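This is what each chain is made of:
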Amino acid sequence: MGSRRTTPHPRLPRALARRLGQAGFVVDRRHVMPLFNPEYAEDTCSNHVADLIAAYVAGRGISNDEASAWARDLRGAGRQQRYFFSLTRYLFVASRPSS
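Owing to the predicted nature of the structure, the values given are computational and were not obtained by experimental measurement.

Caption draft 1: Quick peek at the layout of surface pockets. In this structure, the second largest pocket spans a volume of roughly 160 Å³. For the second largest pocket, the lining is made up of 10 residues, of which His9, Leu12, Pro13, Thr88 and Tyr90 are closest to its centre. Contributions of two or more residues to the lining of the second largest pocket are made by helix H1 (12–22) and strand E2 (85–95). The dominant element in the lining of the second largest pocket, judged by the number of residues it contributes, is E2, at 4 residues. Of the residues that constitute the lining of the second largest pocket, the class distribution is 6 nonpolar, 3 polar and 1 charged.

Caption draft 2: Structural view of the nonpolar core. Residues Leu35, Tyr40, Val49, Ala50, Leu74, Tyr83 and Phe85 constitute the largest nonpolar core, which totals 7 residues. Discounting chain neighbours no more than four positions away, the residues touching phenylalanine 85 are Leu35, Phe36, Asn37, Ser46, Val49, Ile53 and Leu74. Listed in part, the 5 residues of the second largest apolar core include Ala54, Val57, Ala67 and Ala71.

Caption draft 3: Examining the pattern of salt bridges more closely. The full count for this structure, using the stated rule, is 1 salt bridge. As a salt-bridge pair, arginine 75 and aspartate 51 come within 3.2 Å of each other at their nearest N and O atoms. Separated by 24 residues along the polypeptide, arginine 75 in helix H3 (residues 64–79) and aspartate 51 in helix H2 (residues 45–57) bring together distant segments of the chain. With a relative accessible area of 16%, arginine 75 lands in the buried category. In this structure aspartate 51 comes out as partly exposed when scored by relative accessible area, which is 44%.

Reading guide: rules and limits
Residues numbered from 1 in each chain as written. Predicted model: local features only at pLDDT ≥ 70, side-chain atom pairs only at ≥ 80, totals over all residues. Heavy atoms only, no water. 1 Å grid on protein atoms, 1.4 Å probe; cavity = no way out; pocket = protein on both sides within 12 Å on 5 of 7 lines; lining within 4 Å. Points joined across faces, edges and corners; volume = space filled by probe spheres on them. Helix = DSSP H or I, 4+ residues; strand = E, 2+ residues; numbered from the N terminus. Nonpolar A, V, L, I, M, F, W, Y, C, P; charged D, E, K, R; others polar. Core = buried A, V, L, I, M, F, W, Y, C linked by side-chain atoms within 4.5 Å. Buried < 20%, exposed > 50% of the residue type's maximum accessible area, 1.4 Å probe, protein only. Contact = heavy atoms within 4.5 Å. Salt bridge = Lys/Arg side-chain N within 4 Å of Asp/Glu carboxyl O.

Written as structure tokens, this is what we have:
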């Protein structure tokens, strides 16, 4: 489970359909959009997002040095063929019914 310091709403995918309904929307579709990089490569999304993640968590209970070390370790694992990166994104398509 994510920390409140680094995750604004760790259970949002579970609650979003209900919250949209309470706001007067109808959920038309839900999609899962996985990001899966089982191997390291410079041109993968995970390589580029590593620096964004490190910058985001630095100062939120994790030092700049720790965050930078994590990104270096992640890339080092790729060079040693021990790399794995997976991130699940969720897309909710909702509309407001006409009156």
